[in-house]
Amino acid sequence: MISTIYESPVGLLTLISNGEALEHLEFENPRYAYTPAPAGKDKILDETRRQLDKYFAGKLRVFDLPLAPQGTEFQKRVWTALLTIPYGATRTYGQQAAAIGQPNASRAVGLANGRNPISIIVPCHRVIGSTGALTGYGGGMERKKFLLDLEQGDALIR
């Protein structure tokens, strides 16, 4: 495992690679603890940085990286479903629950989203409340709003 810090418009991000895939992308002051990795460089981290640069510049809509999120089988199903939400679109927790074949599991989907270890790239920020309101985001509501605005062409990058 190897890590690097990426300076983004939404703050410092910690990226962790296992040498073959990205395992972690975390905001500063994470809600859940994760195992730190020594700092360094590898091809996965370099490519992640390159794609994040393009994403934040509004020039990348779909990430193309090998991912290896660590979690339960249910969490992995939820995170895989997140990858199907198009850039600039949103889905409700109920829609995400239905997408994994468990329409009554919207609360469990919300909990799994909160444990997403690869924020931004696995776009849990695209999931909103049933009323259309922005709800819950491990990176904070300000970051969620920024990411959604960026994808809808409304963000002001300073």
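Everything below is about the structure shown above.
The rules behind the values
- Residues numbered from 1 in each chain as written.
- Predicted model: local features only at pLDDT ≥ 70, side-chain atom pairs only at ≥ 80, totals over all residues.
- Heavy atoms only, no water.
- Helix = DSSP H or I, 4+ residues; strand = E, 2+ residues; numbered from the N terminus.
- Rg over C-alpha atoms; globule rule 2.2 N^0.38 Å.
- Buried < 20%, exposed > 50% of the residue type's maximum accessible area, 1.4 Å probe, protein only.
- Contact = heavy atoms within 4.5 Å.
- Pairing = 2+ DSSP bridges.
- Axes fitted to C-alpha atoms, helices over the stretch in contact; angles between N-to-C directions.

A.B. asks: What is the right way to read the overall build of the protein chain from this model?
C.D. replies: Along its length, the protein chain carries 5 helices and 5 strands. Its helices and strands in sequence order give the protein chain the pattern β-β-β-α-α-β-α-α-β-α, from N to C terminus. Over its C-alpha trace the protein chain gives a radius of gyration of 15 Å, about what one expects of a compact globule, namely 15 Å for 158 residues. Counting every position in the protein chain, which comprises 158 residues, the buried fraction comes to 46%. Taking the intrachain contacts of the protein chain between residues at least 6 apart in sequence as the baseline, contacts between residues at least 24 apart amount to 58%.

A.B. asks: I would appreciate a short explanation of the sheet that holds strand β2 (residues 11-17) in the present structure.
C.D. replies: Note: strands within a sheet are paired through backbone hydrogen bonds, in either parallel or antiparallel orientation. Ordered by their spatial adjacency, 3 strands build an open sheet running β1-β2-β3, and the pairing between neighbours is antiparallel. Since the sheet does not close on itself, it has two edges, and those belong to β1 (2-8) and β3 (22-27), each with one partner. Strand after strand, the sheet turns through a mean of 20° between neighbouring axes, direction not considered. Bridge count for β1 against β2 is 7 bridges, and the pairing is antiparallel. Counted as the bridge partner of Thr4 is Leu15 from β2.

A.B. asks: What's the story with the environment of Val109 in this structure? I'm lost.
C.D. replies: One can find Val109 in helix α4 (residues 106-114). What Val109 contacts, discounting residues up to four positions off in sequence, is Phe74, Val78, Tyr93, Gln96, Ala97 and Ile100.

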